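# Summary of the model geometry
Spelled out from the first residue to the last, the chains are:
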Amino acid sequence: IGKGSQTMQRVNADGTFGDSDRDRGRRVRIVGSGAGADVHADLAVAVPAGRSVEVYLAAGSVSVTNVNGSLAFDLSAADLRVTGGKGEIVADVGAGNVDVSGTDGPLRIDTGSGNVRLTDVKAASLHVDTGSGDVIATGVVAMHTAIDAGSGDIELRASQSMESSLESGSGDITIELAGAPGKLHVET
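Residues numbered from 1 in each chain as written. Predicted model: local features only at pLDDT ≥ 70, side-chain atom pairs only at ≥ 80, totals over all residues. Heavy atoms only, no water.

## Overview of the environment of Arg-157
- On the secondary structure map, Arg-157 appears in strand 12 (residues 154-168).
- Counting along the chain gives 17 residues from Arg-157 to Val-140, while the straight-line C-alpha distance between them is 8.0 Å.
- Every residue in contact with Arg-157, bar those within four places of it in the chain, is listed here: Ala-137, Thr-138, Gly-139, Thr-174 and Glu-176. (Helix = DSSP H or I, 4+ residues; strand = E, 2+ residues; numbered from the N terminus. Contact = heavy atoms within 4.5 Å.)

Here's what the structure looks like:
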């Protein structure tokens, strides 16, 4: 977390947290400066093919490379980078940037604030919802693509999708498809 920044999180006894746990668990305040313990951890975790992994992180960053299995992320104030691999990816990020490249599998990203960048992603279903941030997708191949940016630009370039729905509450939408869609819905 950056100097002068802070985040508050309720953490359950098992170390998990999330939207459904707002009124339970121990309250933890994480600050980027001031008195208190300076704590951080760097972890390297190997994941056997076909397994499922859930990652809960209040502040920091997560980097994942070539995992062939289901991935679920619940990040409060953290950046996420996923490179390569096969399997479903579900990411719920309160504040932070998300960068996904070279993956093959269903993809669902929900951010409160932060930019989302997708590069060379294959997915039967791709869903991105960001409250505040740009979504830049290049080389996406999907049967169904849904991108919703509350406040931010959407760019969908060199991509193929049979059904695409792109909505921005406040922002520009740029589309350059590599093939003709069966259905295209654009709203800004």
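## Brief notes about the environment of Asp-134
- For Asp-134, the position within the fold is in the loop between strand 9 (122-132) and strand 10 (135-138).
- For Asp-134, a relative accessible area of 29% puts it in the partly exposed group.
- For the pair formed by Asp-134 and Asn-97, sequence separation is 37 residues and the distance between their alpha carbons is 9.6 Å.
- Among residues more than four places away in sequence, those in contact with Asp-134 are Gly-114, Asn-115, Val-116, Gly-152 and Asp-153. (Buried < 20%, exposed > 50% of the residue type's maximum accessible area, 1.4 Å probe, protein only.)

## Quick look at the pairing of strand 4 (residues 70-86)
- Pairing geometry for strand 3 (residues 52-68) and strand 4, over 15 bridges, is parallel. Bridge pairing links Val-53 to Leu-71 in strand 4.
- Direction of pairing for strand 4 relative to strand 5 (residues 89-95): parallel, over a ladder of six bridges. Across the sheet, the residue bridging to Asp-74 is Asp-92, located in strand 5. (Pairing = 2+ DSSP bridges.)

None of this, on its own, says anything about what the molecule does.
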